[in-house]
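# Fold and contact review
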Amino acid sequence: MFNSWRRKAKHLPPGPPGLPFLGNLLQIPSTKQYVTFQNLGNIYGDITTIRMLGSNFIILNSRKAIFDLFDSRSPIYSDRPRVIMSSDLIGWDGSVILANNTPHFRNCRKLMRKGLGPSAAQSFVPFLNRQSSLYLRDLLNRPEAFPDVFKRNAAAISMKVAYGYDGITEDEDMYQLSHEANRYFEETAVVGVWLVDILPILRYVPQWFPLASFQRYAARAKPVVLECINKPFEETKRHMQAQGHLDMENCIKYSSVGISLGQLDTTTASLSWFFMAMALHPEVQAKAQAEIDKVIGNERLPRVEDKESLPYVSAIMQEVFRWQPPVKMVVHSASKDDEYQGYFIPAKTPLIGNIWRVAILHDENVYHDADKFIPERFMEEGAPDCLTDVFGFGRRICPGMLIAQPHMFVSIAVTLATINITKAHDAQGNVIEPKVEDTPGVVSFPVPFKASLQPRSKAALDLIQRSVEHSKTLPERLDVFSLDA
Ligand code: HEM
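Read on for an overview of the structure. Small disclaimer: the values here were computed from a predicted structure and weren't measured. Here, residues in each chain are numbered from 1, in the same order as that chain's written sequence. Predicted model: local features are reported for residues with pLDDT of at least 70 only, side-chain atom pairs are reported and counted for 80 or more only, and whole-chain, interface and lining totals are derived from all residues. As a rule here, side-chain values come from all non-hydrogen atoms in the structure, and water together with hydrogens is ignored.

This part takes up the overall build of the protein chain. Counting its secondary structure elements, the protein chain contains 18 helices and eight strands. As a reference, a globule follows 2.2 Å times the number of residues to the power 0.38, and the radius of gyration itself is taken over C-alpha atoms. Over its C-alpha atoms the protein chain spans a radius of gyration of 23 Å, differing by no more than 12% from the 23 Å that the globule rule assigns to 485 residues. Along the longest, intermediate and shortest principal axes, the C-alpha atoms of the protein chain span 75 × 55 × 50 Å. When a residue's accessible area, from a 1.4 Å probe over protein chains only, is under 20% of the maximum for its type it is buried; when over 50% it is exposed; and in between it is partly exposed. Per-residue burial over the protein chain gives 54% buried out of 485 residues. Per element, the accessible surface of the protein chain, about 21900 Å² overall, is 56% carbon and sulfur. The sign given to each residue is positive for Lys and Arg and negative for Asp and Glu; His and the chain ends receive no count. Charged groups are reduced to one reference atom each: NZ for lysine, CZ for arginine, CG for aspartic acid, CD for glutamic acid. Each charge class in the protein chain was averaged separately, 53 positive and 53 negative side chains, and the resulting centres sit 5 Å apart. Only DSSP runs of H or I reaching four residues or more are called helices, and only runs of E reaching two or more are called strands; each is numbered from the N terminus. Note that accessible areas follow from Shrake-Rupley with a 1.4 Å probe, and for residues the cover is restricted to the protein chains shown.

This part takes up the pattern of salt bridges. A pairing counts as a salt bridge when a side-chain nitrogen of Lys or Arg comes within 4 Å of a carboxyl oxygen of Asp or Glu. Following the criterion strictly, the structure yields 20 salt bridges and no others. Lys32 is paired through a salt bridge with Asp438; the nearest N and O atoms lie 3.7 Å apart. Within this pair, whereas Lys32 is found in the loop between α1 (2–9) and α2 (33–44), its partner Asp438 is found in the loop between β7 (419–423) and β8 (451–455), the two being separated by 406 residues in sequence. Residue Asp438 is classed as buried on the basis of its relative accessible area of 8%. In this structure, Arg456 engages Asp293 in a salt bridge whose closest nitrogen and oxygen atoms are separated by 2.7 Å.

So, about the packing of helix α13 (residues 282–295) against helix α17 (residues 401–418). Under this scheme, a helix contributes an axis fitted over its contacting stretch, all axes are lines through C-alpha atoms, and angles between N-to-C directions fall in the 0 to 180 degree range. Relative orientation of the contacting elements α13 and α17 amounts to 90°, with a least axis distance of 9 Å. With respect to α17, the element α13 is oriented roughly perpendicular. Facing Gln285, Ala288, Gln289 and Ile292 of α13, the residues of α17 in contact are Ala413, Leu416 and Ala417. Looking at the contact of α13 with α17, its residues break down into five nonpolar, two polar and no charged. Note that the term roughly parallel is reserved for angles under 35 degrees, roughly antiparallel for angles over 145, roughly perpendicular for angles of 65 to 115, and oblique for everything else. Contact criterion: two residues are considered in contact whenever any of their non-hydrogen atoms come within 4.5 Å of each other. We call Asp, Glu, Lys and Arg charged. Ala, Val, Leu, Ile, Met, Phe, Trp, Tyr, Cys and Pro are nonpolar, and the rest, Gly among them, are polar.

A few words now on the site of the ligand. Any residue with at least one heavy atom within 4 Å of a molecule or strand is counted as near it. The local shell around the ligand holds 28 residues, among which Arg80, Arg109, His332, Arg396 and Cys398 are the closest. Elements supplying a minimum of two residues to the shell around the ligand: α5 (103–116), α12 (246–280) and β3 (329–333). With seven residues, the top contributor of residues to the shell around the ligand is α12. A breakdown of the residues in the shell around the ligand according to their chemical character gives 16 nonpolar, nine polar and three charged.

Below, the discussion takes up the coordination of the iron atom of the ligand. Coordinating donors are taken to be N, O and S atoms lying within 2.8 Å of the metal, or within 3.2 Å when the metal is Na, K or Ca; because water is excluded from the atom set, some sites may appear incomplete. Its sole protein donor being Cys398 (SG), the iron atom of the ligand sits 2.3 Å from that atom. Checked against the element boundaries, Cys398 lands in the loop between α16 (387–390) and α17.

Laid out in structure tokens, this is it:
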């Protein structure tokens, strides 16, 4: 009784008044929620509550609040809110990304630390270098389809990292399978978008019911998702002719598919934002190309190992992440009641960390002209490191960040070394201005835009061809999942 009195005596963080039952539902748009949340933060402070259909959501709008809770109190704030649509209805339950902080989750993270940690990431460097010239070749073959080239390249890397699988770019069925399963994840894993996530009772509504279009969607999606989880794993097992302990098999299966899920869209989106930034800022592109020409010359392509000697190119990578973080909000959940800054945070409340606002990312106190693309800010003495924010927090921090960063760097560097990216023109010769608008979803892509890609010179074209040939001589990588280490 005393506890219940204490619970009532403490208040949730403040938030906007809402309507009976609907709460703030009508005030939260379906796109760019992070801007709405930022505006709420400006009114109600760095920790704000919104209420929708009887459920509370807490928004964290400051770097301090996010780190205090997600990082310093990570034993409490490492769960995920339950997304019934994505996990129960379409089959992503068990996936690392949606799992609560359970033994299964901890085993998967342990496995991923081995497969994606510093020494594993180091061992992928030759593969990333090798892959970068194939990426350039594909880009020049299909310049108009650059987002698809990014995605196929990311798929090749994630399949290699997750399953040791080569040749996804030639295996159209496997590529389409992971592409489609990924899309289903993207469309269903955002908290609060599907009514069934807010009113779980709806999960029992049968498919034939007139308003149950979500059940029909789930019936289409589930076989694809399950095949994406099982097929590459079974193939790998067949190749290895291995039989393992069932728990461990599950752990490998969900870690592997988590890697593929974690990588595909994030790197594709970031490279798409990079292309947009270059089309919008020819002066940045020219400056980076001058750096590459001076430091690397035109006898070879830049490599992962050149990062330190190409500070301006590295600054472009950081600025792409800061300007348009591909994951603009992360959602953790509290595993038990807690108190913060005098406010009560009930167990199971979803907490939304507004990466967009946080930080440094779009905080004018830290970055001047935060909406502008200015890589020079990362060349200044004592510039903050935005990479500590874009990859998430605490126990849920992105396990693939040591693969993602060299992959992004080398892709940016080889593109700048050999290709000019400019704004596209329409049939009448008018410039098509790219719009800096993003798509809704877990990962935010730029809305599709056109850009024109031209090789910088005949020498650049020759270099790409030579590098593709040379890449075949580069060493392979070692076993990813050596479980006995
Ligand atoms: C541009 C590149 C990437 C960015 C910006 C990014 C960002 C993120 C963020 C913000 C999270 C959520 C963290 C949180 O909840 O606090 C996350 C989770 C995750 N990422 Fe990445 N990521 C990237 C690339 C990758 C790559 C290359 C992999 C795999 C090789 C990967 C695998 C994962 C996995 C498995 C999770 C789920 C972790 C969990 O829920 O515990 N990511 N990532």
